[in-house]
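The residues making up each chain are set out below.
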Amino acid sequence: MDHASWHFVDEYNQAIKVTGRCSRGMKHGFFEFYIDGYQIARTKYTRDQEMETLCYAIGNRLTDLRTCMIENVRKTKNVDAPH
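Residues numbered from 1 in each chain as written. Predicted model: local features only at pLDDT ≥ 70, side-chain atom pairs only at ≥ 80, totals over all residues. Heavy atoms only, no water.

## Thoughts on the pattern of salt bridges
Stated precisely, the cut-off is as follows: Definition used for salt bridges: Asp or Glu carboxyl oxygen within 4 Å of a side-chain nitrogen of Lys or Arg. Going along the chain from the N terminus, every DSSP run of H or I of four or more residues is numbered as a helix, and every run of E of two or more is numbered as a strand. Under the scheme applied here, a residue whose accessible area is under 20% of the maximum for its type counts as buried, over 50% as exposed, and between as partly exposed, the area being computed with a 1.4 Å probe on protein chains only.
Scanning the entire structure with this criterion turns up 3 salt bridges. Ionic pairing is found between Lys 27 and Asp 48, a salt bridge with its closest N-O pair at 3.3 Å. Pair noted here: Lys 27 is in strand 4 (residues 26-27) and Asp 48 is in the loop between strand 6 (38-46) and strand 7 (49-55), with a separation of 21 residues, a long-range link. Accessibility expressed as a relative area gives 25% for Lys 27, which makes it partly exposed. Residue classification places Asp 48 among the partly exposed positions, given a relative accessible area of 33%.

Here it is in C-alpha cells:
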C-alpha cells in the first residue's frame with residue numbers, strides 16, 4: 001500500500017502523523033513522521049526493520065527513531081524524557 005498514513009500518540013504524549021508504504025503487511029521504504037505539522041524524522045525500513053533515521057529534531061542527524069522522539073520531547077517540551 002503506497003502513501004498509507006496513520007495517527008497515534010507515542011509514549012511521550014506526542015501526537016504523531018506518519019506516512020509511508022507497506023508491503024505484505026510490513027513497513028518497507030521511507031516513512032515520514034510529523035508532529036504538530038513539522039517533519040521530525042524520515043526513517044527507512046526494509047522488511048519491517050528500521051535501517052536508518054534522519055532526525056530533523058536534532059539538526060538533520062542520523063540516529064534511531066526512538067532517540068529522535070526523545071530528543072524532540074526534550075527540545076519542544078524543555079523536559080528530560082525517560083530513556
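Now that the structure has been shown, the text picks up again.
## What about helix 1 (residues 65-77)?
The following threshold applies: Here a helix's expected span is defined as the number of its residues, less one, multiplied by 1.5 Å. Any two residues whose heavy atoms approach within 4.5 Å at even a single point are treated as in contact.
In a regular helix each residue adds 1.5 Å, so 13 residues correspond to 18 Å; helix 1 covers 18 Å between its end C-alpha atoms and thus fits that length. Burial in helix 1 covers these residues: Leu 65, Cys 68, Met 69, Ile 70, Asn 72 and Val 73. Where helix 1 is buried, its residues contact strand 2 (15-20), strand 5 (29-35), strand 6, strand 7 and strand 8 (61-63). Two residues or fewer past helix 1, Asn 78 is found with a positive phi of approximately 55°.

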